[in-house]
Amino acid sequence: MKVLVATDKPFAKVAADGIKKIFDEAGYECVFLEKYTDQADFVKAAADVDAIIVRSDLATKEVIDNAKNLKIIVRAGAGYDNVDLAAATEKGVIVMNTPGQNSNAVAELAFGMMIYQIRNHFDGSSGTELLGKTIGIHAYGNVGKNVARIARGFGMKVYAFDPFVAKEVIENDGVEVVESVEELYKKSQFVSLHIPANDKTKKSIGTALLNLMPKNAVLVNTARKEVINEEELKQVLANRPDFCYVSDIEPGNKAELVEFEKRIFFTPKKMGAQTSEANTNAGLAAARQIIGFLNNNDTTFKVN
Ligand code: 3PG
C-alpha cells in the first residue's frame with residue numbers, strides 16, 4: 001500500500017516522522033508532498049497511491065479521478081470542506097476527518113488573537129482585559145468546548161448557541177445556553193465562530209448579527225472565511241468605530257479592509273492548528289485511521 005501525505009503547510013517534523021514510522025511498521029510506503037506551489041503537483045503525486053492524508057489541501061475531483069488506486073482520504077483535522085465528497089463517493093473512496101485532534105491548538109489561538117486585539121496590537125498604549133467580559137461561542141463542537149474551558153479560566157461569562165448539541169452537555173461545562181443565535185450576539189462582547197462552511201452557513205455572518213453585538217465588540221474567526229458575508233463585514237467596520245475583527249483566515253477582501261488598521265488582524269497563513277502537538281495528534285490519528293480502514297475495514301470517522 002502506498003500513502004501520500006499532501007500538506008502544503010507541512011506538519012512539524014516530529015509529526016511527519018511519527019506518521020512515517022507508523023506506516024513503516026505497517027509495511028506501507030509513505031511519501032510526502034510539502035509546500036507545493038502547483039495543484040498539478042498534487043494531482044500527479046496522487047496518481048498511484050492507495051490513500052491520501054491532507055490538511056487544508058484541495059482534494060478536488062481532478063485529484064480523486066486521477067488517483068486510480070485511491071481508496072481513502074483522511075483530512076488530518078476537523079473541517080473537510082476542502083475535499084470533494086461527491087467525487088469521492090462517486091468513485092467509492094472513503095473520506096474521514098480526525099475530530100478533536102487539533103481543537104485545543106485552535107482554541108488557544110483564538111485567545112492569542114483576542115488579547116493581541118484588546119491590547120491594541122501591543123503598541124504600548126493602554127488596552128483592556130478579558131476578565132469579567134462576555135464571550136459567545138457560536139457552535140459548541142470540539143473547538144467551542146475548548147474555548148469555553150479557557151474563557152472560564154480567564155474569568156469570562158460564557159454563552160453558547162448550538163442547536164445540534166444537548167443543552168445539558170453545554171451547561172455541564174459551566175456555560176449558559178442561549179435560545180437563539182441573535183441572543184448570542186446581543187449578549188456577547190466577544191463572539192468566537194466555530195461553525196463549518198456549508199451551504200447553510202456560507203455568508204451567514206453579516207450586518208444582521210454583527211450589529212447586535214454590544215459596544216467594543218470583537219468577532220473572532222478561527223473557522224472559515226466563507227461563513228462571513230465580507231461585504232457586510234466591511235460595512236460594519238465602517239459604521240461602527242468600536243467593532244474589531246480578528247481572523248485566522250485572511251478575508252477575500254483583505255485589501256479593502258486595510259483602512260481599519262488597528263481594528264483588524266489576520267494571521268498570514270491559517271495558524272490555528274499549527275502546533276507540534278496538534279500536528280502530532282491529527283497526523284498520527286490520520287495514519288492510524290488509514291491502516292485501520294485498509295487492514296480491518298474500520299470506518300470510524302467516515303464522513304461520506
Ligand atoms: C481544521 O479544520 O482542522 C482546521 O481548520 C485546521 O486546518 P489546517 O490543518 O489546514 O491547519
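What counts, and at which threshold
- Positions within a chain are numbered from 1, following the residues in the order the chain's sequence is written.
- Where local features are concerned, this predicted model is filtered to residues with pLDDT of at least 70; where side-chain atom pairs are given and counted, the filter is 80 or more; whole-chain, interface and lining totals use all residues.
- To get the side-chain values, all heavy atoms of the structure are used, and hydrogens and water are removed first.
- Only DSSP runs of H or I covering at least 4 residues are called helices, and only runs of E covering at least 2 are called strands; the numbering of each starts at the N terminus.
- Note on classification: 1.4 Å probe, protein chains only; a residue is buried when its accessible area is under 20% of the maximum for its type, exposed when over 50%, partly exposed between these limits.
- Counted as positive: Lys and Arg. Counted as negative: Asp and Glu. His and the chain ends are not counted at all.
- We count a salt bridge whenever a side-chain nitrogen from Lys or Arg sits within 4 Å of a carboxyl oxygen from Asp or Glu.
- Throughout this description, a polar contact denotes any pair of N or O atoms lying within 3.5 Å of each other; where both atoms belong to protein, one of them has to be capable of donating a hydrogen while the other can accept it, and for residues adjacent in sequence the pair is counted only when both atoms sit in side chains.
- Contacts are assigned to residue pairs with any non-hydrogen atoms lying within 4.5 Å of each other.
- Strands pair, by our definition, only if DSSP identifies at least two bridges between them.
- Seen with the strands pointing away from the viewer, any crossover whose path from the first strand over the helix to the second strand runs clockwise is right-handed.
- The source of the domain bounds is an automatic or database domain assignment.
- Summed over both partners, the accessible surface that disappears when two parts come together, traced with a 1.4 Å probe, is what is meant by buried area.
- Pairing of aromatic rings covers Phe, Tyr and the six-membered ring of Trp, with a centre-to-centre limit of 6.5 Å; geometry is then stacked below 30 degrees between planes, edge-to-face above 60, and tilted otherwise.
- The criterion for a residue being near a molecule or strand is simple. One of its heavy atoms has to lie within 4 Å of it.
- Note on areas: Shrake-Rupley with a 1.4 Å probe; residue coverage comes only from the protein chains shown.
- In this count, Pro and Cys sit with the nonpolar residues alongside Ala, Val, Leu, Ile, Met, Phe, Trp and Tyr, while Asp, Glu, Lys and Arg are called charged and the others, Gly among them, polar.
- To qualify as a nonpolar core, a set must consist of buried Ala, Val, Leu, Ile, Met, Phe, Trp, Tyr and Cys residues joined through side-chain atoms within 4.5 Å.

Caption draft 1: Just the side chain of D162, in detail. With respect to the secondary-structure elements, D162 resides in the loop between β7 (157-161) and α7 (167-171). With no salt bridge to any partner, buried D162 finds its closest opposite charge in K145, at an N-O distance of 11 Å. Within the structure, D162 has its side chain in polar contact with the backbone nitrogen of F164 (distance 2.8 Å). The residues touching D162, leaving out its near neighbours within four places in the chain, are A139, Y140, G141 and I170.

Caption draft 2: Expanded view of unusual backbone geometry. The phi angle at F122 is positive, at roughly 55°, despite the residue not being glycine. For F122, the position within the fold is in the loop between α5 (103-118) and β6 (134-138). With a relative accessible area of 55%, F122 lands in the exposed category. Not every positive phi belongs to a glycine, and A139 is a case in point at roughly 95°.

Caption draft 3: Representation of the pairing of strand β3 (residues 51-54) in the model. The alternating pattern of β3 places A51 and I53 and I52 and V54 on opposite faces, both of which are buried. Examined bridge by bridge, strand β1 (residues 2-7) and β3 share four bridges and lie parallel to one another. Within β3, the position partnered with V3 by the bridge is A51. In the sheet, β3 pairs with strand β4 (residues 72-75) via four bridges, with the strands oriented parallel. Within β4, the residue paired with I53 across the bridge is V74. In this region the chain leaves β3, passes through helix α3 (residues 61-66) and returns to the parallel neighbour β4; the handedness of that crossover is right-handed.

Caption draft 4: The arrangement of the domain arrangement of the protein chain in detail. The domains assigned to the protein chain are domain 1 (2-101 + 274-296) and domain 2 (103-266). Between domain 1 and domain 2, the contact holds eight residues from the first and five residues from the second. Between domain 1 and domain 2 the total buried area reaches about 460 Å² when both faces are included, carbon and sulfur atoms providing 43% of it. Considering only the surface of domain 1 that becomes buried against domain 2, D81, G100 and T275 emerge as the three largest contributors, covering 65% of it. Linking domain 1 with domain 2 are one salt bridge. Close ionic contact of D81 with R224 constitutes a salt bridge, the shortest N to O distance being 3.1 Å.

Caption draft 5: Spatial organisation of the packing of aromatic side chains. In this structure the tally under the stated criterion is six aromatic pairs. An aromatic cluster is defined as three or more aromatic residues linked by ring pairs; in this entry it consists of Y116, F122 and F265.

Caption draft 6: Summary view of the site of the ligand. In the neighbourhood of the ligand, the contacting residues comprise K9, R55, S56, R75, G77, A78, G79, N102, R224, K270 and A273. Within the backbone of G79, one N or O atom sits 2.8 Å away from an oxygen atom of the ligand. Separating an oxygen atom of the ligand from a side-chain N or O atom of K270 is a distance of 2.6 Å. When isolated, the ligand has an accessible area of 320 Å², and the protein chains bury 95% of it. Class assignment of the residues belonging to the shell around the ligand gives a composition of two nonpolar, four polar and five charged.

Caption draft 7: Focus on the nonpolar core. Counting 29 residues, the largest nonpolar core has Y185, I205, L210, L219 and F243 as the members making the most contacts within it. Every element with two or more residues in this core is listed here: β7, α8 (181-187), β9 (190-193), α9 (207-210), α10 (230-239) and β12 (264-266). Grouped together as the second largest cluster of nonpolar side chains are 28 residues, A110, M113, M156 and V158 included.

Caption draft 8: Structural view of the side chain of T134. Relative to the elements of secondary structure, T134 occurs in strand β6. Among the polar contacts made by the side chain of T134, one reaches the main-chain amide nitrogen of Q189 at a distance of 2.9 Å.

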